[in-house]
Amino acid sequence: MHIPIAKSNSDSAMRDEILRENLLGRSVGAQTAAFRQDRRVLDAFGGPAMKKDAVFPLGEAARQFYAAAAMRAVEQGKLDRVDPGASATELSAVVAKAFAKPVGEALLEEVLLPAGVTNCVFYSDADGEILASARGFALFNSRLFGFKPGKKAVSALVSPETLEKGIADGLVSVEGEVGDVAWACDRGSRSSFAFVAKAGDAASRRHLLEYALQLCGAKPTFAPKSEFEGLPTSRR
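## Examining the overall build of the chain
(1) Moving on: Each helix and strand counted, the chain has 8 helices and 8 strands in total.
(2) Moving on: Counting every position in the chain, which comprises 236 residues, the buried fraction comes to 50%.
(3) Moving on: In the chain, once contacts between residues fewer than 6 apart in sequence are set aside, the share between residues at least 24 apart is 63%.
(4) Moving on: Counting every atom, the chain has about 10700 Å² of accessible surface; 50% of that belongs to carbon and sulfur.

This is the structure in structure tokens:
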């Protein structure tokens, strides 16, 4: 997979597509964002009442955050091991127990503050869910996988050995699609992409995800490969 982000007016293009009359009737709202070497290169949104910094429950996609906290607990000797097959809810309980504090506090202190994403990712104590914008999720993954400029990728959260084990075990994922949320990370170009949509139907959500991916030339394996054959490798 490669994510060659364009230096074109992608934000406006995405917004125009989302606001097309045939989609407005379906109450579609979506955000997409991408970072390359920790610098934001795509930030688009559109749809009824949609805002760039609106946050949404991540559902099972929140597992990425809980897994990062759990890996930090292992490194600090507060947890022996993490079950790679644990759900987001199960990891949430593991994190709270390991750090002996409410999971919201543990996430803030062990993940959000170290990753520097406190202004676009939140934990709701009332609903017990992680909420994030597309920008927040993409930035979190950029920091987790160490996509800052430099000769060597260094995670802001865990050691290289812990990160590689987490990826190999399937504890953290370089790409995925769960409900309204999709993400993809390219370790070669140090790029991170995220997409969040609230759509009236799955077809509208898929249409917007495909368009967002086309804007940046991403070809993650979770998307039907046949639909992405022949896409340009860059947009100039």
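## Brief notes about the sheet that holds strand β3 (residues 56-57)
Within a sheet, neighbouring strands are paired by backbone hydrogen bonds and run either parallel or antiparallel to one another.
(1) Moving on: Taken together, 3 strands build an open sheet; the order of strands is β3-β5-β4 and the sheet is antiparallel. Every interior strand has two partners, whereas the edge strands, β3 and β4 (121-124), have only one.
(2) Moving on: Judged from the 4 bridges that link them, β4 and strand β5 (residues 129-132) form a sheet pairing that is antiparallel. By the bridge assignment, Y123 is partnered in β5 with I130.

## Thoughts on the sheet that holds strand β7 (residues 181-186)
(1) Moving on: Strand order in the open sheet formed by 5 strands is β2-β1-β8-β7-β6, and the pairing between neighbours is antiparallel. Pairing within the sheet leaves two strands with one partner each, and these edge strands are β2 (39-46) and β6 (175-178). Taking each pair of neighbouring strands and ignoring which way they run, the sheet shows an average axis angle of 5°.

## Quick look at the layout of surface pockets
(1) Moving on: Estimates place the volume of the largest pocket at around 200 Å³.
(2) Moving on: M71, V74, D80, R81, V82, P84, T162, K165, G166, D169 and L171 together form the lining of the largest pocket.
(3) Moving on: Of all the elements in the fold, those that place two or more residues in the lining of the largest pocket are α3 (63-75) and α7 (160-169).
(4) Moving on: Ranked by the residues each element gives to the lining of the largest pocket, the list is headed by α7, at 4 residues.
(5) Moving on: In the lining of the largest pocket, the residues fall into 5 nonpolar, 2 polar and 4 charged.

Procedures and definitions
Residues numbered from 1 in each chain as written. Predicted model: local features only at pLDDT ≥ 70, side-chain atom pairs only at ≥ 80, totals over all residues. Heavy atoms only, no water. Helix = DSSP H or I, 4+ residues; strand = E, 2+ residues; numbered from the N terminus. Buried < 20%, exposed > 50% of the residue type's maximum accessible area, 1.4 Å probe, protein only. Contact = heavy atoms within 4.5 Å. Areas by Shrake-Rupley, 256 points an atom, 1.4 Å probe, with all protein chains shown as cover. Pairing = 2+ DSSP bridges. Axes fitted to C-alpha atoms, helices over the stretch in contact; angles between N-to-C directions. 1 Å grid on protein atoms, 1.4 Å probe; cavity = no way out; pocket = protein on both sides within 12 Å on 5 of 7 lines; lining within 4 Å. Points joined across faces, edges and corners; volume = space filled by probe spheres on them. Nonpolar A, V, L, I, M, F, W, Y, C, P; charged D, E, K, R; others polar.

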